[in-house]
Amino acid sequence: MPRFTYIRPQTLDETLHLLAQPQKRSRLLAGGTDLMIRLRYAAPDFDRIIDISRLPELKIIAREEDSIHIGASVTYTEILESALLQDLTPFFVAAARQIAGPQIRNQGSIGGNIVNAAGGADMLPPLVCLDATVQLASKQGQRSLLLTDFIEQPHRTRIRPEEVLTRIIFPAPQPETNAVFIKLGRQRTKAISRITIAAMGRTDARGRISFMRFVPGAIAPRVQRFTAVEERLLGELPLPELFRQAGEEAVRVMNALTGGRWSSDYKIPALRTLTQRALAAIFSLQSI
Amino acid sequence: MQITFSLNHQTIEIDAPADITLLTFLREHLGVTGVKDGCDVGECGACAILLDGQLVNSCQLLAPQADGREIITIEGLRAADGGLTDLQRHFIDDGAVQCGFCTPGMILAGEALLAKNPTPDREEIADALAGNLCRCTGYIQIFDAIAATARERQAQTTTGERP
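1. Some points on the domain arrangement of chain B
All names here are of chain B.
Reasoning step 1: Domain annotation of chain B identifies domain 1 (2–76) and domain 2 (86–158).
Reasoning step 2: Averaged C-alpha coordinates put domain 1 and domain 2 at centres separated by 22 Å.
Reasoning step 3: Facing 15 residues of domain 1, the contacting portion of domain 2 comprises 12 residues.
Reasoning step 4: Contributions of two or more residues to the side of domain 1 that touches domain 2 are made by β3 (48–51) and β4 (54–57).
Reasoning step 5: Here the residues of the side of domain 1 that touches domain 2 sort into 9 nonpolar, 5 polar and 1 charged.

2. Some points on helix α3 (residues 103–116) of chain B
Reasoning step 1: End to end, α3(B) covers 20 Å across 14 residues, agreeing with the expected 20 Å (1.5 Å per residue, within 8%).
Reasoning step 2: Most of α3(B) is tucked away, with 11 of its 14 residues classed as buried.
Reasoning step 3: Along α3(B), the residues that are buried comprise B:Thr103, B:Pro104, B:Gly105, B:Met106, B:Ile107, B:Leu108, B:Ala109, B:Gly110, B:Glu111, B:Ala112 and B:Leu113.
Reasoning step 4: Structurally, α3(B) contributes buried residues whose contacts are with α6 (102–107) of chain A together with β3, β4, α2 (86–93), α4 (122–128) and α5 (140–159) of chain B.

3. Some points on the sheet that holds strand β13 (residues 209–217) of chain A
Residues and elements named next belong to chain A.
Reasoning step 1: Strand order in the open sheet formed by 3 strands is β11-β12-β13, and the pairing between neighbours is antiparallel. Two strands bound the open sheet, and with one partner strand each, they are β11 (178–185) and β13. Going across the sheet, the axis of each strand differs from the next one's by a mean of 10 degrees, ignoring polarity.
Reasoning step 2: In terms of strand pairing, strand β12 (residues 193–203) meets β13 through 8 bridges, oriented antiparallel. Its bridge partner being in β13, Arg-202 is matched across the sheet by Phe-211.

4. Re the packing of α3(B) against α5(B)
Residues and elements named next belong to chain B.
Reasoning step 1: α5 packs onto α3 with a crossing angle of 40 degrees between their chain directions and a minimal axis gap of 11 Å. The angle between the axes of α3 and α5 places the two elements in the oblique class. The handedness of the crossing between α3 and α5 comes out as right-handed. Only Ile-142, Ile-146, Thr-149 and Ala-150 of α5 make contact with α3, whose side of the interface consists of Met-106, Gly-110, Leu-113 and Leu-114.
Reasoning step 2: For the contact of α3 with α5, the per-class residue count stands at 6 nonpolar, 2 polar and no charged.

The rules behind each value
- Residues numbered from 1 in each chain as written.
- Chains lettered and ligands numbered in written order.
- Predicted model: local features only at pLDDT ≥ 70, side-chain atom pairs only at ≥ 80, totals over all residues.
- Domains from an automatic or database assignment.
- Contact = placed C-beta atoms within 7 Å.
- Helix = DSSP H or I, 4+ residues; strand = E, 2+ residues; numbered from the N terminus.
- Nonpolar A, V, L, I, M, F, W, Y, C, P; charged D, E, K, R; others polar.
- Expected span 1.5 Å × (residues − 1).
- Buried ≥ 20, exposed ≤ 12 C-beta atoms within 10 Å, placed from the backbone.
- Pairing = 2+ DSSP bridges.
- Axes fitted to C-alpha atoms, helices over the stretch in contact; angles between N-to-C directions.
- Parallel < 35°, antiparallel > 145°, perpendicular 65-115°, else oblique.
- Left-handed = near helix turned anticlockwise from the far one by under 90°.

Encoded structure:
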């Protein structure tokens, strides 16, 4: 007796119909890079795999007016090879490029990275930076949630059993905005992130910081903007002393969110330095 | 589940169990044992295959996911005369094979790289092999073998010779 069955629907509608069948416990399979490993360690808690890795509705990367839409089954490789994303969000592409090794990048999906919601999920900080929303579909209809509301805690989201994450949508950044993604792992490649920073910013005509988003990853229970850091920077001239103060502020916010941890001795100086590095990169790229 | 796919240039129609990995299916049902079972959790790359030309770990796919795809394993790599390919020859000549367990995955990773980037630098070769572990060689000889093959193929392209 097989432990579970496998089905590969051809359309999203068919998928939603399958998910709505109450007599079956279904599990969606996109990249499988997390699910397949869990199966190795634990008995399946489902009767049926629904393979959504090839659903055409979930494979789009497109600009629709001022928004970018990315289908949930798009792989990391497809993200980093997308001319549209390379052009509009190079820092987001950089995050995809630094995930794991080629095999995982060829298999793993952006939707899986979001729904699995690991504490160190590398697509989350740039997406939060970009103010992304997720689109969920079920037989009942569609709903959209802010990514920051969708993820409740590591490995827990607000997706319902009958729902599919279909698209990730974010506004196209304004042209004069600069952005960076910095990752610190235990080794150069194939590392699970210890700390990441995704940040975007721009200055106004007087050279003062007029727009700032600052999102560290892998250090707080939920990925979020550090608004206290952003407020410290807004209206100021982008100078090294300011970046140093922003680094101190980032450490203060982290400590308030997490308290002391065994890793604090490492993370405090690392976050302080990475913050300065991220800001220097953003504002030196800017022609003032 | 009844599936149809291409395995090393041959079309196969077969009933595949739903709940086993593609790695187990290839090795134990189809006898394709060049695909190695190393870590079984997507870390080591010994089970790497080319799926529609892309390097993937067969331990992280279910058997029925092969349906409609084209799979190349080390058994499917062959020179025009049926012998070893230039890359395989370089692995031997440059000392890139010691125990040999990682070699099929390494060679497929090398081919996947050269298909996308015929002139990789050292850094790009290292990145392309980041998902394949070798516990014997220290990687240097493997990088050398891939770099030498790339140079040779480039030279043949420019002189118009067939590889």
